[in-house]
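Breakdown of the fold
For reference, the chains in residue letters:
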Amino acid sequence: ASAAPANTARDMPTLREFARVWFERKKLGLSNGKHVQQNWQTLKDFVFPDLGNCRLDQIRQRDIVRTLDPVWRDKHETARRTLGRISEIYELAKVHELIEVNPASFSLKAAFGPYRRQHHHHAALPFQQVPEFWSWLQAAPCDEMTRQITMLLLLTAKRTKEARFARWADFDADRTVWVTSQERMKMRRPHRVPLVPQSRTIIDNLDLIRAQGTDHVFGKPRSKTGVISENAALNLAKRFDPGITMHGFRSSFRTWARKQGRYDHDCMELALAHEKDALTAAYERDDLLEERRPLMADWADFVTAGEGPVSLRARVKGRDGP
């Protein structure tokens, strides 16, 4: 039998207590460990110090506004997401018949005043300099797996996380297509990438240096995540230019592709696995894989400028002699 609704002060949980109930449910639907932690940490940092020990039915809109107001402009996105989490907690409390009104539901403009959103873009290397970075990368002293993942990210325009957690089963038998499952994609849709000859050389290099006892392409069995560090490629890129990011190379690719004036808009967007609106996604089922192959081949030729990745297998064979 279900429990009767709380109707006394003694039965009414505090915000912190009921937030734990919400969090245990919430984290079941989150696949990213960092996002799981963020959901609780923002409440712990910005809400619990003032309101954590208050009963759910004691908290009013003015209390929530007062609590979040100091961070609303300095850390606007964090404050906005934190407010959303408070609202979710209270919606769950309504389902449990603990309260009838959600005090976290109100007009943001009325409560905090107007806010001018500031867009911060990932620092990108101008596409004209990408071949120079590629050339530098070939001889840069670094861990070999770090070099290979950086080269693969450059040629495929993939997100770092998608590459880090790639598995050998994600490549077809001929290694001409790389499929990332929806669980590892930001938009939760599978994504296929056509692999050009330069990328296939990198895959072959990774096959030669692959770690034993793991199906991850960039496996590091002794690390906490079991794969290469999320900052490995970033730190290497910053040795070339401290102001750039790996994610910025996706922008470099997109700008280059647009400047060429010969690639279909949908091909460019699908290459980056950008989000589609619901109507477009419903009608557009083809991911234009073959149409994207020339785009990725031209990009690879531009980036490498005739200096393809060194074949580690050929290098080893050359040392060993015929």
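Some details on the nonpolar core
Here is a general trend for soluble globular proteins: nonpolar side chains tend to be buried in one another's company. The biggest cluster of nonpolar side chains holds 52 residues, and the ones touching the most others in it are Trp178, Leu206, Phe218, Phe249, Phe253, Trp256 and Leu295. Elements supplying a minimum of two residues to this core: helix H7 (130–139), helix H8 (144–156), helix H10 (197–209), helix H11 (232–240), helix H12 (248–260), helix H13 (265–271) and helix H15 (289–304). Here this core gets seven residues from one element, more than from any other, and that element is H8. Look past the residues within four positions of Leu206 in its chain and what remains in contact with it is Met145, Gln148, Trp168, Val217 and Phe218.

Some points on the confidence of the model for the protein
On average, residues of the protein score 86 in pLDDT, and 87% of them reach the 70 mark or higher. Long-range and interchain partners of residues 1–7, a stretch whose pLDDT sits below 50, account for five contacts in this model, where long-range means more than four residues apart. This stretch, residues 277–284, has a pLDDT under 50; its non-local contacts, to residues over four places away or in other chains, come to four contacts.

Some thoughts on the packing of H7 against H15
Direction vectors running N to C along H7 and H15 enclose 65°, while the axes themselves pass 7 Å from each other. Here H15 runs roughly perpendicular to H7, going by the angle between their axes. Together, Val130, Pro131 and Trp134 of H7 and Trp299, Phe302, Val303 and Thr304 of H15 make up the contact between the two elements. Residues belonging to the contact of H7 with H15 are distributed by class as follows: six nonpolar, one polar and no charged.

A word on unusual backbone geometry
Despite not being glycine, Ala157 has its phi angle at roughly 60°, a positive value. Position of Ala157 relative to the elements: it lies in the loop between H8 and helix H9 (160–164). For Ala157, a relative accessible area of 2% corresponds to the buried category. Even without being glycine, Arg175 reaches a positive phi, approximately 55°. Counting through the fold element by element, Arg175 comes out in the loop between H9 and strand E1 (177–180).

Rules used throughout
- Residues numbered from 1 in each chain as written.
- Predicted model: local features only at pLDDT ≥ 70, side-chain atom pairs only at ≥ 80, totals over all residues.
- Heavy atoms only, no water.
- Core = buried A, V, L, I, M, F, W, Y, C linked by side-chain atoms within 4.5 Å.
- Buried < 20%, exposed > 50% of the residue type's maximum accessible area, 1.4 Å probe, protein only.
- Helix = DSSP H or I, 4+ residues; strand = E, 2+ residues; numbered from the N terminus.
- Contact = heavy atoms within 4.5 Å.
- pLDDT = per-residue confidence, 0-100.
- Axes fitted to C-alpha atoms, helices over the stretch in contact; angles between N-to-C directions.
- Parallel < 35°, antiparallel > 145°, perpendicular 65-115°, else oblique.
- Nonpolar A, V, L, I, M, F, W, Y, C, P; charged D, E, K, R; others polar.

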